[in-house]
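# Analysis of the macromolecular model
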Amino acid sequence: MSNKIFIFDTTLRDGEQVPGCQLNTVEKVKIARELEKLGVDVIEGGFPISSPGDFKSVIEISKAIKKPIICALTRARKADIDVAAESLKFAKRKRIHTGIGSSDIHIKHKFKSTRKKILEQAIWAVKYAKKFVDDIEFYAEDAGRADPNFLAKMVEEVIKVGATVVNIPDTTGYCLPQDFGAKIKYLFENVKNINQAVISVHCHNDLGLATANTMAGIINGARQVEVTVNGIGERAGNTSLEEIAMILKTHKKLDLKTDINTEKIYDISQKVSKMMNMPIQKNKAIVGANAFAHSSGIHQDGIIKQRENYEIIDPKDVGIDKSKIVLTARSGRAALKYRLRNLKYEIKQEHLNTIYKKFLNLADEKKEINDQDLRILMVQNNL
Ligand code: KIV
Ligand code: ZN
């Protein structure tokens, strides 16, 4: 099995479904260009039948992007597939992503149908999409809650009629990592033709398990992951691209690789956040404002001695210049000295003790002490 993990980015489709995150065509093309520079393999540009704007965006993304595959989402319906095929006409490399619900909950309550009819529709959709495009990805929606036997049957049948990629989504973010991993393993053990397609995982974060589930999928054989920048997406979001890219880079023993230029992660994260009007929580892994900030005395002392004491990722690897030593009332002398040295103040030990006491009083009043506060403190103390 190959050790390359394909990165399928759905920031512009699942990410853009978030209320308030909608982008116009120009903005979508801008982000698509950034995704291309980042090194993603597939860009899901939109759901073309959903609106004329989305249709136009897929057209313009297709014209602008050279290397990644451009993908368009459809339901298992003729009109959706026709429109998606039309929207992809300028794409150098194109894929239709079609699919239908696979869990009994969806079959009974969303489609008011039966397993047999749903299976027929799935097969029909892949065959029909195949008339336009070679590369067809099939999604078995709500696979996380689907009966594994039925799911295996569905996967086998869609591969038989030409699906090149099969997406196993945990649409509702329900699964536990060991269960999701076991489901992927079950498919590898029970679908005869599984090696004729790439298995993809698409996890939602309703229980905060999207990244863990995606990793469980990879460990059990999935070779494509569906992710978004900053983990934006429906409800609690999708798996974040930056988390998967950095997990795979950090854990070398997995011997898996992506083509992501990780040094571009911070930049695209900021751009997506601003353009999509979605602030990044401060403690967000990899890209949050505090991801490389150290504020307690013990940690600061350790970081100043050797970065690896408290950091498993070099901030430069994700495009951040350096770690931050934040001065608060929990900081120690080492951090104060370090920050003063950055401001070109070389300070003797006895002066450090004096200024440290004053610093603590000020820090108790103010939440964070900045460079200007430090300069004033030094002047006030004739240092
Ligand atoms: O979450 C999901 O199941 C989806 C599919 C449309 C792939 O977004
Ligand atoms: Zn989704």
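Preceding this paragraph is the structure being described.
Residues numbered from 1 in each chain as written. Chains lettered and ligands numbered in written order. Predicted model: local features only at pLDDT ≥ 70, side-chain atom pairs only at ≥ 80, totals over all residues. Heavy atoms only, no water.

From N to C terminus, the protein includes 14 helices and ten strands. Here the protein, with 383 residues, has 54% of them falling under the buried criterion. Long-range contacts, defined as pairs at least 24 residues apart, comprise 73% of the intrachain contacts of the protein with a sequence gap of at least 6. Entry remark: accessible area of the protein is about 17800 Å², with carbon and sulfur atoms responsible for 52%. Computing the positive centroid from 61 side-chain charges and the negative centroid from 48, the protein places the two 1 Å apart. (Helix = DSSP H or I, 4+ residues; strand = E, 2+ residues; numbered from the N terminus. Buried < 20%, exposed > 50% of the residue type's maximum accessible area, 1.4 Å probe, protein only. Contact = heavy atoms within 4.5 Å. Areas by Shrake-Rupley, 256 points an atom, 1.4 Å probe, with all protein chains shown as cover. Lys, Arg positive; Asp, Glu negative; His and termini not counted. Charge placed at Lys NZ, Arg CZ, Asp CG, Glu CD.)

Mapped onto the secondary structure, H294 falls in strand β9 (residues 293-294). Owing to a relative accessible area of 7%, H294 belongs among the buried residues under this scheme. With residues near it in sequence (within four places) discarded, H294 still touches Q300, I303, Y310, E311, S323, K324, I325 and V326. There is a polar contact of 2.7 Å between the side chain of H294 and the side chain of E311. (Polar contact = N/O pair within 3.5 Å; in protein donor to acceptor, adjacent residues only side chain to side chain.)

Moving on, we get to the layout of surface pockets. Sizing a probe to match a water molecule and rolling it over the atoms shows the empty space that remains. Within this model, the largest pocket holds a volume of roughly 470 Å³. Counting only elements with at least two residues in the lining of the largest pocket, the list comes to β4 (94-101), β5 (136-141) and β6 (165-170). Its residues assigned to classes, the lining of the largest pocket shows seven nonpolar, nine polar and eight charged. Counted as a void, the second largest pocket has a volume near 360 Å³. Lining the second largest pocket are 23 residues, with N230, G231, A236, Q281 and K284 sitting closest to its centre. Broken down by class, the residue content of the lining of the second largest pocket amounts to eight nonpolar, twelve polar and three charged. (1 Å grid on protein atoms, 1.4 Å probe; cavity = no way out; pocket = protein on both sides within 12 Å on 5 of 7 lines; lining within 4 Å. Points joined across faces, edges and corners; volume = space filled by probe spheres on them. Nonpolar A, V, L, I, M, F, W, Y, C, P; charged D, E, K, R; others polar.)

Glancing now at the coordination of the zinc ion (ligand 2). Taken together, D14 (OD), H202 (NE2) and H204 (NE2) make up the protein donors of the zinc ion (ligand 2), found 2.0 to 2.1 Å from the metal. In primary-sequence terms, the residues that donate to the zinc ion (ligand 2) follow D-x187-H-x1-H. Of this pair, D14 sits in the loop between β1 (6-9) and α1 (25-38) while H204 sits in the loop between β7 (198-203) and α8 (210-219), and the two are 190 residues apart along the sequence. For D14, a relative accessible area of 3% translates into the label buried. What makes H204 buried here is its relative accessible area of 4%. (Donors = N, O, S within 2.8 Å, 3.2 Å for Na, K, Ca; no water.)

Relative to the elements of secondary structure, E226 occurs in strand β8 (residues 224-227). Here E226 sits buried without a salt bridge, and the closest side chain of opposite charge, R13, lies 5.5 Å off (N-O distance). A distance of 2.8 Å separates polar atoms of two side chains, one belonging to E226 and the other to H202. Sequence-distant contacts of E226, that is, excluding residues within four places in its chain, are made with F8, H97, E137, N167, S200, V201, H202 and T239. (Salt bridge = Lys/Arg side-chain N within 4 Å of Asp/Glu carboxyl O.)

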